[in-house]
Each structure stands twice: as C-alpha cells, then as structure tokens.
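# Fold and geometry: a report
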Amino acid sequence: MFKLYLAVVFACFFVLASTVPAFAINGDVKVSKFGKGVQIWFEAEHFDERSPNENYKLGDAEKALKPAKDAFGDIVTNTGGKGWLRYNFDISLAGGDAGQWRFIGRVINPNNHSDWLWVLGDDGNKIPEVEPAFVRPNHIIFEENDPVWNWRRTGDFGGDGGTVNKLKKGENVMMIWTRQSDLEDQFDVFLWSSDLDYVATDDDYKAAKVKKLAVQAQDRLTTTWGRLKSQ
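Rules used throughout
Residues numbered from 1 in each chain as written. Predicted model: local features only at pLDDT ≥ 70, side-chain atom pairs only at ≥ 80, totals over all residues. Heavy atoms only, no water. Buried < 20%, exposed > 50% of the residue type's maximum accessible area, 1.4 Å probe, protein only. Helix = DSSP H or I, 4+ residues; strand = E, 2+ residues; numbered from the N terminus. Pairing = 2+ DSSP bridges.

## Concerning the pairing of strand S6 (residues 84-90)
Burial runs high along S6: seven of the seven residues are buried. Two elements, strand S3 (residues 49-50) and S6, share two bridges in a ladder whose sense is antiparallel. Bridge assignment links arginine 50 to a residue of S6, and that residue is leucine 85. Pairing geometry for S6 and strand S12 (residues 171-177), over seven bridges, is antiparallel. Bridging across to S12, tyrosine 87 finds its partner in methionine 174.

## Let's talk about the sheet that holds S6
Spatial ordering of the open sheet is given by S3-S6-S12-S8-S9, a layout of five strands whose pairing is antiparallel. Only two strands of the sheet have a single partner each, and these edge strands are S3 and strand S9 (140-141).

## Topic: unusual backbone geometry
For the bond running from arginine 136 to proline 137, omega is 10°, close enough to zero to count as cis. Relative to the elements of secondary structure, proline 137 occurs in the loop between strand S8 (115-119) and S9. Here the phi dihedral of glutamate 54 falls at roughly 50°; this positive angle occurs in a residue that is not glycine. Locating glutamate 54 in the fold gives a position in the loop between S3 and strand S4 (56-58). Since its relative accessible area comes to 31%, glutamate 54 is described here as partly exposed. Its identity as a non-glycine residue notwithstanding, lysine 63 has a phi of 55°, on the positive side. With respect to the element layout, lysine 63 can be found in the loop between S4 and strand S5 (76-78).

## Re the pairing of S8
Taking burial as the measure, the five residues of S8 include five buried ones, the bulk of the element. Burial of S8 is two-sided: the residues Asp115, Leu117 and Val119 facing one way and the residues Trp116 and Trp118 facing the other way are all buried. Where S8 and S9 come together, two bridges link them in antiparallel fashion. The residue of S9 that forms the bridge with tryptophan 116 is isoleucine 140. Of the pairings in the sheet, the one linking S8 to S12 comprises four bridges and is antiparallel in character. By the bridge assignment, leucine 117 is partnered in S12 with isoleucine 176.

The analysis is restricted to geometry; functional conclusions fall outside its scope.
Structure, rendered in structure tokens:
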C-alpha cells in the first residue's frame, strides 16, 4: 500500500510540475502602471540561464567589471566571445495582455556595441540551441551611443530595431545574443512596457512595486517527495 502511495505522489509531482510557470528570474520582479500601459522590470544580473561559455558575467560578483556609479545593484557585461543570456518573465504579474510591447534597457554603451534580441513566439516557437539567423534592423538592440546610464528604448540609431515585439499572454522568454558587446558595456535593468511610447526613468524604477512570487508548487512537492523517500 505504501508503495502505491509513493507511486501516486510521484505521478502528481510530474503532473503539477508541468503546469507550474517556469519563470525563475533570480531576484525581485517589479511592476508598474505608467503612461498608457503597464511595465514589468527586472535587473540584468537576474538572468535565468546563460551560455555555457559564460561570456556574459556579473560585474561585481564575478569581478568582471566594477559597476558604474549609481548602478542598481550589480551589472552584466560581456567579457569576450559570443553567447547568450535568457530571461523568463510573466507579463500577467503586471496585469498585461498579449500584444506589442517595447523592450527598454538601462545601459552604458559608449560605442554603440549592439546585441541581438530574440523573443519566443515572435521570433520562433522553440528556444534556439545555436544562434538564429538575425537580421538588421529587425533584431538589433543597443546600437546607440550611451556613455552614461541611459534608459535606451530604441534599437538602431533612433529606430525601433528589435525593441518592439509581440508578447504572449502570461509567460514569455527573451534571449540576448552577442553581436558586438564587450567590456565597455554594462547592462543594469531591463523592462517591457505595453505602452510603446513610454519613456523610463530612474524614479519610475524606484517607484515600481516589487511583485512577490508565491512558493512554487514544484518546490513544495520536492520537499514532500524527499521526506517520503527518507521514511
């Protein structure tokens, strides 16, 4: 009977785990309602995953580059080579709906060393394992001169570039792929806005509300399963 009980619990674990949102940004997510839409904000160092070569590194925590003054926490920089960063985020946390959203980044980028932005659904239905065939200007971000901290909302010398994308209801996935970025670049905070005309500010980020995430069901099930196995 106990073995049957274990089998039922084990089956429930996989069923429930498959239905739990997979987003796992490793830090606070903030939400706001500015302009004519809503926003979801997260700091660049709170990525879900990065390429195995780890060319993107944390400035302070991994001693890649000292963050510039007035950074919000740590930063991400490119220490050399090509790779990617992945972020999972859920626009429902901000009360957002599917549709066109704008990507904005608080960055330092003195010599327009741009990267590529890839969004699940808008750019493909499967997270790529190798670099996709990116096209300029459709996928380009940060092709701008920002010698000091700036909330960069355009992608290619004043044009949208890759900043405007169609997001899905609920969870979304974005990836930043290397194009030109290097140690001159610092990524601080990223956000998505459903108001395409919204202009972000430091004060808006400070005023945005932290969205506390509930304990994930799969974490609770893992604890239960571990306890049962020890009996």
